[in-house]
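Structural overview for review
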Amino acid sequence: MRMLLPSFTIARYTLLEALRSRLPWLFVLVACACAGLAGFLQQLALTESGAVQASLLAAALRLASVFLLATFIITSMAREAADRGLELLLALPMPRAAYLLGKLLGYAALAAVPAMLFGLLMALFAAPAQSALWALSLLGELWIVAAFSLLCAASLHQALPALAATGGFYVLARMLGSLQLLAHGPQAGESWPQRATAGAIDVLALLLPRLDAFTRTEWLLYATGDWQALAGVAVQTAIYVALLASCALCDFYRRNI
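A brief look at the structure comes next. (Residues numbered from 1 in each chain as written. Predicted model: local features only at pLDDT ≥ 70, side-chain atom pairs only at ≥ 80, totals over all residues. Heavy atoms only, no water.)

1. Here's the deal with the overall build of the protein chain
Looking only at helices and strands, the protein chain has 10 helices and 0 strands in total. For the protein chain, the α and β elements follow one another from N to C terminus as α-α-α-α-α-α-α-α-α-α. Against the compact-globule benchmark of 18 Å for 257 residues, the protein chain has a radius of gyration of 20 Å, which places it among compact chains. Burial statistics for the protein chain: of 257 residues in total, 43% are counted as buried. Sequence-distant contacts in the protein chain: of pairs separated by 6 or more residues, those separated by 24 or more amount to 80%. Charged side chains of the protein chain number 15 positive and 12 negative; the gap between the two group centres comes to 10 Å. (Helix = DSSP H or I, 4+ residues; strand = E, 2+ residues; numbered from the N terminus. Rg over C-alpha atoms; globule rule 2.2 N^0.38 Å. Buried < 20%, exposed > 50% of the residue type's maximum accessible area, 1.4 Å probe, protein only. Contact = heavy atoms within 4.5 Å. Lys, Arg positive; Asp, Glu negative; His and termini not counted. Charge placed at Lys NZ, Arg CZ, Asp CG, Glu CD.)

2. A word on the packing of aromatic side chains
Using the criterion set out here, one finds 3 aromatic pairs in the structure. Residues Phe72 and Tyr107 carry aromatic rings whose centres are separated by 6.3 Å and whose planes lie at 85° to one another, so their mutual orientation is edge-to-face. Within this pair, whereas Phe72 is found in helix H3 (residues 49–82), its partner Tyr107 is found in helix H5 (residues 96–122), the two being separated by 35 residues in sequence. Residue class for Tyr107 comes out buried when judged on its relative accessible area of 0%. Ring geometry for Phe148 and Phe169: centres 4.0 Å apart, planes at 10°, overall stacked. You can see Phe148 sitting in helix H6 (residues 128–156) and its partner Phe169 sitting in helix H7 (residues 159–183), a full 21 residues away along the chain. (Phe/Tyr/Trp six-rings, centres within 6.5 Å; stacked < 30°, edge-to-face > 60°.)

3. Brief notes about the packing of H5 against H6
Closest axis-to-axis distance for the H5/H6 pair is 8 Å, and the angle between their directions is 150°. With respect to each other, H5 and H6 are oriented roughly antiparallel. Classified by chirality, the crossing of H6 by H5 is right-handed. From H5, Leu100, Lys103, Leu104, Tyr107, Ala108, Ala111, Ala112, Pro114, Ala115, Phe118, Gly119 and Met122 reach across to H6, where they touch Ser131, Trp134, Ala135, Leu138, Leu139, Leu142, Trp143, Ala146, Ala147 and Leu150. (Axes fitted to C-alpha atoms, helices over the stretch in contact; angles between N-to-C directions. Parallel < 35°, antiparallel > 145°, perpendicular 65-115°, else oblique. Left-handed = near helix turned anticlockwise from the far one by under 90°.)

4. Focus on unusual backbone geometry
The phi dihedral of Arg22 is positive, around 65°, even though this residue is not glycine. Relative to the assigned elements, Arg22 resides in the loop between helix H1 (4–20) and helix H2 (23–42). Positive phi is not limited to glycine here, since Ala223 has a value of about 55°. Among the secondary structure elements, Ala223 is positioned in the loop between helix H9 (217–222) and helix H10 (227–254).

5. Notes on the pattern of salt bridges
If you walk through the whole model with that rule in mind, you get 5 salt bridges. In this structure, Glu17 engages Arg79 in a salt bridge whose closest nitrogen and oxygen atoms are separated by 2.5 Å. Separated by 62 residues along the polypeptide, Glu17 in helix H1 and Arg79 in helix H3 bring together distant segments of the chain. Close ionic contact of Glu141 with Arg174 constitutes a salt bridge, the shortest N to O distance being 3.5 Å. With Glu141 in helix H6 and Arg174 in helix H7, this residue pair connects regions lying 33 residues apart in the sequence. (Salt bridge = Lys/Arg side-chain N within 4 Å of Asp/Glu carboxyl O.)

6. A word on the side chain of Ser131
With respect to the helices and strands, Ser131 occurs in helix H6. Taking the relative accessible area as the measure of exposure, Ser131 reaches 1% and is therefore buried. In this structure Ser131 touches Gly119, Met122, Ala123, Ala126 and Leu220, once residues within four positions along its chain are discounted.

Structure representation (structure tokens):
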């Protein structure tokens, strides 16, 4: 209880900061812009215009939500450190874990805004049940990105390196499945550099989350999503959020503030 009460207070003020920075309205604006762009591109498709519109809209919404959430988290943490607000909070009689847990809870609650909003928007173009699965999977993906952004912001201390690290992590985690297929495909060579590259990709696949299994567009197009796939997403989310939060906590206690 000594740690939870300050954590909930910090989470509340984190959400208030997002509200005052007009981030929820930015999510609404992005949803309208992506819907308009997808509708325009639908007119250019010769066949299966509805599928083209849904797939483009889903991809744009996913990327926009990840980018906006990561940017807000990193810039918010950097601004708080630059304004000496972090030192003021840590001077209060509360453990450092309460501060980090409060930030993570606030960002996790904030991630529910684009997940719910974009899920409702996708329900206009796909089956409602599949849109709900897609939205829940997007929420798990955003939680992992939020935890990694928090780790980078707490460890790298500057916005630009943290944003670059978060972007690299997300792109690599999304591409791991395709990279493994290329490394072990029939056209892969047998020379030692190619085998070493394939081994390195396999090691990365064991360490990083398989974000290519999250928010899959074919769920919306062909209704292939089920609760078993969502259970795999939930397991990965729980494991990696806990792991990333533990790494951030270790680094946070190690720092001399």
